[in-house]
Amino acid sequence: METKKAKIKREELHTYLVLEIGENPIQITLTDDNPNNVKSAFNLILKELKRGLFEFELEDESSDLYNNICIEYLNQLNAEIKTIHAELEEYELTVKE
């Protein structure tokens, strides 16, 4: 199983969880309640998941609220990724390279 990086990008107005997938990292806005942002990010994760199982690991040295939120979010996301990947394999929807 591959491990992909996740980072927290803190800016003056917004904070993002950045998931390193492919050439274009996925940004999930933590300071905005926008379900479409999360839905779009999850769709991109599903596309990548067809290529093989992976998990995210947070690379962040701060111990603030955003760090705690992202750790919990990634724990849940990684559990969902494993479940969904197993279903993709069961229905033969993975890509063999």
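Scroll up to find the structure.
Reading guide: rules and limits
Residues numbered from 1 in each chain as written. Predicted model: local features only at pLDDT ≥ 70, side-chain atom pairs only at ≥ 80, totals over all residues. Heavy atoms only, no water. Salt bridge = Lys/Arg side-chain N within 4 Å of Asp/Glu carboxyl O. Helix = DSSP H or I, 4+ residues; strand = E, 2+ residues; numbered from the N terminus. Buried < 20%, exposed > 50% of the residue type's maximum accessible area, 1.4 Å probe, protein only. Expected span 1.5 Å × (residues − 1). Contact = heavy atoms within 4.5 Å. Core = buried A, V, L, I, M, F, W, Y, C linked by side-chain atoms within 4.5 Å. Pairing = 2+ DSSP bridges. Axes fitted to C-alpha atoms, helices over the stretch in contact; angles between N-to-C directions.

### Quick notes on the pattern of salt bridges
- For the structure shown, the criterion picks out six salt bridges.
- Between Asp 60 and Arg 10 there is a salt bridge; the shortest N-O distance is 2.9 Å. Of the two residues, Asp 60 is situated in the loop between strand S4 (54-58) and helix H2 (65-90) and Arg 10 in strand S1 (residues 2-10); the sequence distance between them amounts to 50 residues.
- Counted as one network, the salt bridges with shared partners bring together Glu 2, Lys 4, Glu 48 and Arg 51.

### Structural notes on the environment of Glu 12
- Considering the arrangement of structural elements, one finds Glu 12 in the loop between S1 and strand S2 (15-19).
- Note on Glu 12: relative accessible area 81%, which makes it exposed.
- Once the C-alpha coordinates of Glu 12 and Ile 26 are considered, the two residues, 14 residues apart in sequence, prove to be 19 Å apart.

### Brief notes about H2
- The end-to-end C-alpha distance of H2, which contains 26 residues, comes to 38 Å, matching closely the 38 Å that a straight helix rising 1.5 Å per residue would cover.
- Looking only at H2, the buried set comprises Asn 67, Cys 70, Leu 74, Leu 77, Asn 78, Ile 81, Ile 84, His 85 and Leu 88.
- If you follow the buried residues of H2, they end up packed against S1, S2, helix H1 (35-49) and S4.
- Backbone geometry just downstream of H2 places Glu 92 in the positive-phi region, at approximately 55°.

### Some remarks on the nonpolar core
- Of all hydrophobic cores here, the largest spans 18 residues; its most connected members are Leu 19, Ile 45 and Phe 56.
- Sorting the residues of this core by element identifies S1, S2, strand S3 (26-29), H1, S4 and H2 as the ones contributing at least two each.
- Top contributing element to this core by residue count: H2, with six residues.
- Leave out the neighbours within four places in its chain, and Leu 19 touches Lys 5, Ala 6, Pro 25, Ile 26, Ile 28, Ile 45, Phe 56, Leu 74 and Leu 77.

### Details of the sheet that holds S1
- With mixed pairing, the four strands of this open sheet are ordered in space as S3-S2-S1-S4. The strands lining the two open edges of the sheet, one partner per strand, are S3 and S4. Adjacent strand axes in the sheet meet at a mean angle of 30°, parallel and antiparallel pairs treated alike.
- Of the strand pairs in this sheet, S1 and S4 are connected by five bridges, and their pairing is parallel. For Ala 6, the partnering residue across the bridge sits in S4 and is Leu 58.
- Contacting S1, S2, S3 and S4, H1 runs over the sheet at an angle of about 150° to S3.

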